[in-house]
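So the chains spell out like this:
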Amino acid sequence: MTQAATTLASDVTQLRVGLGDRSYDIVIGPGLLEQAGARLAALRPGARVGIVTDRNVAERHLGLVEQSLRQAGLTPTAIVIEPGEKSKCFKVFEEVVDGLLAARIERRDLVLALGGGVVGDLAGFAAAALRRGVDFVQAPTSLLAQVDSSVGGKTGINSRHGKNLVGAFHQPILVLADSLALDTLPLREFRSGYAEVAKYGLIDNAPFFGWLERHWQDVFGGGPARIEAIATSCASKAAVVARDEKETGDRALLNLGHTFGHALEAGAGFSQRLLHGEAVAIGMAQAFRFSARQGLCAPEDAERVATHLKTVGLPTRIADIPGELPDTDGLMELIAQDKKVSRGALTFILARGIGQSFIARDVDPSAVRDFLDAERAGAGHP
């Protein structure tokens, strides 16, 4: 069972992901990057630490983290990649693994993922493959990574066939979510991460979604509301991961908005045209609109979802994506590559209402195609 959140200090919250001998803590609060050395040394005294980060994060945080590690008697080596989804590829994966081997990272050492979701997914997969498995620590610096991708052990890279199709389940041994790191995020990046926060309310926590509707400005502004939103999101994900680590059951609910969203990301070339959280926002709005079209939920619920996402500045429609995208046939081909597809049958996360999402298996492809045609025509948007 996942333990309830505990407060270590007035501004630090700790959650436990309960996975038997692979259980680990999620620590949330300000100043945790400065404490990284002491916390990692408590786990692996005297270890070498291969830090995987991107150029933007390195400029803001790498020096502080390296100093903290050295002061704690650890030996850091930094591997800096280019920022952006395009780095989640075979070529950069090879470069990261080669860098870790050159740094002589061994099984009793650590890999530290310092950055957003791209860095966490890439570094975690490299740690999973390196010497057939090296422990790693997540130090997420984006909102999206803090509330979603850093927790749960999903690691991987993209293929030309789609997003996250190559990877492994490899749990971290610690997650350090420094809330102060979010103060350096561009607004667009913060908004992108907020889509994943809203997702937890839409899946099975309608009161949390209502709280976000009332307090989203405080979440964006920082302080206690931001910590509460992160902690609630992490607690929700930790509970699901503890029940269903390998996504054989209800962990698939965490993919609300992702089947449509991943297809749109791939269609946009995994580029800055469409950030992951923006794709998820469109995908969640589409999941509710599709649910309403199928008579599963009230149109008012779909409108409420889209209205909140638009209010915080997120896209909700295909038309909101700049540039060209594949046609409906092309999007259907990308949807067919989704990891939840089983023997060609489409699986979507749909909803009977806000906080009432469910796994819909063997969804009729013709219904999805008709829906996408209507979306492209601009019909039926709240």
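Everything here concerns the structure above.
The paragraphs below set out a description of the structure included in this document.

**Remarks on the layout of surface pockets**
Consideration 1: Computed from the structure, the second largest pocket encloses a volume of approximately 280 Å³.
Consideration 2: As for the second largest pocket, its lining consists of 18 residues, and the residues nearest its centre are Arg22, Ser23, Gln171, Pro172 and Ile173.
Consideration 3: Those elements giving two or more residues to the lining of the second largest pocket turn out to be β3 (24–29) and α1 (36–43).
Consideration 4: Here the lining of the second largest pocket takes 3 residues from α1, the largest share from any one element.
Consideration 5: Looking at the lining of the second largest pocket residue by residue, the class counts come to 7 nonpolar, 3 polar and 8 charged.

**Things to note about the pairing of strand β9 (residues 162–169)**
Consideration 1: Across 5 bridges, the pairing between strand β8 (residues 154–159) and β9 is antiparallel. Across the sheet, residue Gly156 finds its bridge partner in β9, namely Gly167.
Consideration 2: Following β8, the chain reverses through 2 residues before pairing antiparallel with β9.

**Things to note about empty space enclosed by the protein**
Consideration 1: By the definition in use, this model includes 4 cavities of 30 Å³ or more.
Consideration 2: Quantified by volume, the largest cavity comes out at close to 80 Å³.
Consideration 3: In this structure, the largest cavity is lined by 13 residues; those nearest its centre are Gly162, Lys163, His262, Leu334 and Asp338.
Consideration 4: Secondary structure elements with two or more residues in the lining of the largest cavity: β9, α9 (258–267) and α12 (328–335).
Consideration 5: Looking at the lining of the largest cavity element by element, the count peaks at 4 residues for α9.

**So, the pattern of salt bridges**
Consideration 1: A complete count under the given rule lists 21 salt bridges for this structure.
Consideration 2: The salt bridge involving Asp109 is made with Arg48; its shortest N-O contact spans 3.8 Å. Residue Asp109 is located in the loop between α3 (90–102) and β6 (110–115), and its partner Arg48 is located in strand β4 (residues 48–54); the two are separated by 61 residues in the primary sequence.
Consideration 3: With relative accessibility at 7%, the residue Asp109 sits in the buried group.
Consideration 4: Close ionic contact of Asp183 with Arg226 constitutes a salt bridge, the shortest N to O distance being 3.0 Å. Placement of the pair is Asp183 in the loop between β10 (174–178) and α6 (187–204) and Arg226 in helix α8 (residues 224–243), with a sequence separation of 43 residues.

The rules behind each value
Residues numbered from 1 in each chain as written. Predicted model: local features only at pLDDT ≥ 70, side-chain atom pairs only at ≥ 80, totals over all residues. Heavy atoms only, no water. 1 Å grid on protein atoms, 1.4 Å probe; cavity = no way out; pocket = protein on both sides within 12 Å on 5 of 7 lines; lining within 4 Å. Points joined across faces, edges and corners; volume = space filled by probe spheres on them. Helix = DSSP H or I, 4+ residues; strand = E, 2+ residues; numbered from the N terminus. Nonpolar A, V, L, I, M, F, W, Y, C, P; charged D, E, K, R; others polar. Pairing = 2+ DSSP bridges. Salt bridge = Lys/Arg side-chain N within 4 Å of Asp/Glu carboxyl O. Buried < 20%, exposed > 50% of the residue type's maximum accessible area, 1.4 Å probe, protein only.

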